[in-house]
Amino acid sequence: KLWDVESGTEIRTFSGHSDYLYSVAFSADGSYALSGSRDKTLKLWEVATGAEIRTFSGHSSTVYSVAFSPDGLYVLSGAGDNTLKLWGVNTGAEIRTFSGHSSAVTSVAFSPDGRYTLSGSDDKTLKLWEMATGAEIRTLHGHYDSVWSVAFSPDGRYALSGSRDNTLKLWDMAALRQIRTFTGHSDSVHSVAFSPDGRYALSGSRDNTLKLWETG
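Residues numbered from 1 in each chain as written. Predicted model: local features only at pLDDT ≥ 70, side-chain atom pairs only at ≥ 80, totals over all residues. Heavy atoms only, no water.

Asks: What should I look at first to understand the sheet that holds strand β5 (residues 41-46) in this one?
Replies: Hydrogen bonds along the backbone pair up the strands of a sheet, which may run parallel or antiparallel. Read from one edge to the other, the open sheet built from 4 strands follows the order β3-β4-β5-β6, with strand pairing classed as antiparallel. One side of each edge strand has no neighbouring strand; the edge strands of this open sheet are β3 (21-26) and β6 (52-57). Across the sheet, the mean angle separating the axes of adjacent strands is 20° when strand polarity is ignored. (Pairing = 2+ DSSP bridges. Helix = DSSP H or I, 4+ residues; strand = E, 2+ residues; numbered from the N terminus. Axes fitted to C-alpha atoms, helices over the stretch in contact; angles between N-to-C directions.)

Asks: Could you clarify how one ought to interpret the pairing of strand β11 (residues 105-110) in this entry?
Replies: For a regular strand, side chains alternate in direction, first toward one face of the sheet and then toward the other. Within β11, 6 of the 6 residues are buried, which leaves it mostly tucked inside the rest of the structure. Here β11 pairs with strand β12 (residues 116-121) via 5 bridges, running antiparallel. Residue pairing across strands places S107 opposite G120, the latter belonging to β12. What sits between β11 and β12 in their antiparallel hairpin is a turn of 5 residues, with G114 showing a positive phi close to 75°. (Buried < 20%, exposed > 50% of the residue type's maximum accessible area, 1.4 Å probe, protein only.)

Asks: What exactly am I supposed to notice about the sheet that holds strand β20 (residues 200-205) here?
Replies: The strand order across the open sheet built from 3 strands is β19-β20-β21, with neighbouring strands paired in antiparallel fashion. A strand with exactly one partner marks an edge of an open sheet, and here the two such strands are β19 (189-194) and β21 (210-214). Taken over all neighbouring pairs, the strand axes of this sheet differ in orientation by 20° on average, direction set aside. Judged from the 5 bridges that link them, β19 and β20 form a sheet pairing that is antiparallel.

Asks: Please explain the packing of aromatic side chains as it appears in this structure.
Replies: Each aromatic ring pair is summarised here by two numbers: the centre-to-centre distance and the angle between the ring planes. As enumerated under the stated definition, the model contains 5 aromatic pairs in all. Centroid distance F14 to W45: 5.6 Å. Interplanar angle 75°. Geometry classified as edge-to-face. With F14 in the loop between β2 (10-12) and β3 and W45 in strand β5, this residue pair connects regions lying 31 residues apart in the sequence. When the ring of F182 is compared with that of W213, the centres are 5.4 Å apart and the planes differ by 65°; the resulting orientation is edge-to-face. Linking F182 in strand β18 (residues 177-182) with W213 in strand β21, this pair joins segments that are 31 residues apart in sequence. Assessed through its relative accessible area of 14%, W213 is described here as buried. (Phe/Tyr/Trp six-rings, centres within 6.5 Å; stacked < 30°, edge-to-face > 60°.)

Asks: It is not clear to me how the pattern of salt bridges should be interpreted in this structure. Could you clarify?
Replies: Side-chain pairing between opposite charges can occur once the charged atoms of the two side chains come close. Tallying each qualifying case throughout the model produces 5 salt bridges. Where K43 meets E52, a salt bridge forms, and the shortest distance between an N and an O atom there is 3.0 Å. Among the ionic pairs, E136 bridges to K127, the shortest N-O distance being 3.0 Å. (Salt bridge = Lys/Arg side-chain N within 4 Å of Asp/Glu carboxyl O.)

Asks: What exactly am I supposed to notice about the side chain of S35 here?
Replies: Assignment of secondary structure puts S35 in strand β4 (residues 32-37). Beyond its immediate sequence surroundings of up to four residues, S35 is in contact with H17, L21, S23, V24, T41, L42, K43, W45 and V66. (Contact = heavy atoms within 4.5 Å.)

Asks: Whenever I open this one, unusual backbone geometry confuses me. Can you help?
Replies: Most peptide bonds take the trans configuration, and most residues that are not glycine carry a negative phi. Phi is positive for K40, which is not a glycine, with a value near 80°. Along the polypeptide, K40 turns up in the loop between β4 and β5. The exposure class of K40 is partly exposed, given its relative accessible area of 41%. Of note, the phi angle at N82 is positive, near 75°, even though the residue is not glycine. By the element assignment, N82 lies in the loop between β8 (74-79) and β9 (83-88). A relative accessible area of 24% means that N82 is categorised as partly exposed.

Here is the structure:
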């Protein structure tokens with residue numbers, strides 16, 4: 001559903017998936033929306049009309065996370081088949097499969113420059129990938145349970161991860177190391193995000209709370 005932020009009114013309903021939806025994303029220019037579903041597909045939608053433009057099929061399990069590249073030319077998906085897939089927006093064609101996780105890929109993100117992708121998995125790790133080649137650059141260890149959310153800072157220097165271990169972690173993406181662990185939630189952290197200036201982190205948890213943190 002599309003909502004008006006100021007009034008809280010529903011503008012439009014997008015219908016087409018045949019099972020639960022797990023992830024949605026806007027393109028950078030706001031013209032398109034992307035959705036991932038338990039029906040094993042992701043779909044591209046035109047925001048202005050609600051029309052379904054394209055269905056991306058190729059995963060063999062639930063699509064848990066979707067993301068647009070910064071230039072809007074590609075979309076990324078993470079799924080229960082332990083893979084990430086890169087797709088062409090204009091063609092709907094699968095360009096590349098990223099394989100290496102040993103369990104479901106639950107969250108994916110593009111770096112702000114579009115050169116890298118980051119994934120979080122039920123295998124308790126994060127992986128950094130080179131988008132152009134699909135090569136795995138590094139596996140990041142530190143969480144003690146499933147990683148359910150990842151995000152890059154606006155400048156690409158840092159990343160956040162949220163986990164079933166009730167913590168979120170801050171990572172230095174140049175040194176590829178953990179900088180800080182944020183503790184305070186009493187249940188799984190399902191969603192993380194940076195503020196536009198990168199100074200703060202926001203987390204959403206199964207403990208029914210959101211928490212705001214200083215990253216510096």
